[in-house]
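Examination of the molecular architecture
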Amino acid sequence: MEHRTVFEVMTHHVVTAAPTTSFEEIAGLFADHDISAVPVVDDDRRPLGVVSEADLLRSTAELRLVSATDVSTSERSG
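**Things to note about the nonpolar core**
Counting nine residues, the largest nonpolar core is built from Val 15, Ala 17, Ile 26, Leu 29, Phe 30, Val 38, Val 40, Val 51 and Leu 56. Of all the secondary structure elements, the ones that give two or more residues to this core are helix H2 (23-33) and strand S1 (37-41). In terms of residue count, H2 provides more of this core than any other element does, three residues in total.

**Description of unusual backbone geometry**
Even without glycine at this site, Asp 34 takes up a positive phi of about 50°. Examined against the element boundaries, Asp 34 turns out to sit in the loop between H2 and S1. Assessed through its relative accessible area of 72%, Asp 34 is described here as exposed. Backbone geometry at Arg 45 places phi at a positive 65°, although glycine is not the residue there. Considering the arrangement of structural elements, one finds Arg 45 in the loop between S1 and strand S2 (47-52). On the basis of relative accessibility, which here comes to 54%, the residue Arg 45 falls in the exposed class.

**Let's talk about the confidence of the model for the protein chain**
Residues of the protein chain with pLDDT of at least 70 account for 82%, and the chain-wide mean is 86. For the protein chain, the element scoring lowest by mean pLDDT is helix H3 (residues 53-77), at 70; S1 scores highest, at 97.

The rules we used
- In every chain, residue numbers begin from 1 and rise along the written sequence.
- A pLDDT threshold of at least 70 governs which residues receive local features in this predicted model, and a stricter bar of 80 or more applies before side-chain atom pairs are shown or counted, although totals over entire chains, interfaces and linings include all residues.
- In computing side-chain properties, one takes all heavy atoms of the structure into account and sets aside hydrogens as well as water.
- Side-chain atoms within 4.5 Å link the members of a nonpolar core, which is a set of buried Ala, Val, Leu, Ile, Met, Phe, Trp, Tyr and Cys residues.
- Think of it in three bands: residues with accessible area under 20% of the maximum for their type are buried, residues over 50% are exposed, and the middle band is partly exposed, with areas taken using a 1.4 Å probe on protein chains only.
- Helix and strand assignments come from DSSP, with helices taken as H or I runs of at least 4 residues and strands as E runs of at least 2, each series counted from the N terminus.
- You can read pLDDT as the predictor saying how much it trusts each residue, on a scale of 0 to 100.

Structure below.
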């Protein structure tokens with residue numbers, strides 16, 4: 001098996017996001033660049049974390065669940 005380094009296979013032109021980037025903007029980055037995750041960096045481009053498609057889906061599902069619970073609660077009390 002040939003010895004390869006991470007440098008040889010890694011992405012060199014990394015698409016990043018700021019901590020204040022909206023869900024919609026992140027989804028646009030995923031679609032525009034055909035990627036499934038982006039590093040989140042601060043103003044000095046230091047990594048703070050990574051956000052993935054799975055993170056967005058999970059967060060969206062949690063928001064919908066909360067929203068559905070709020071609607072059904074208000075319908076019962078009204």
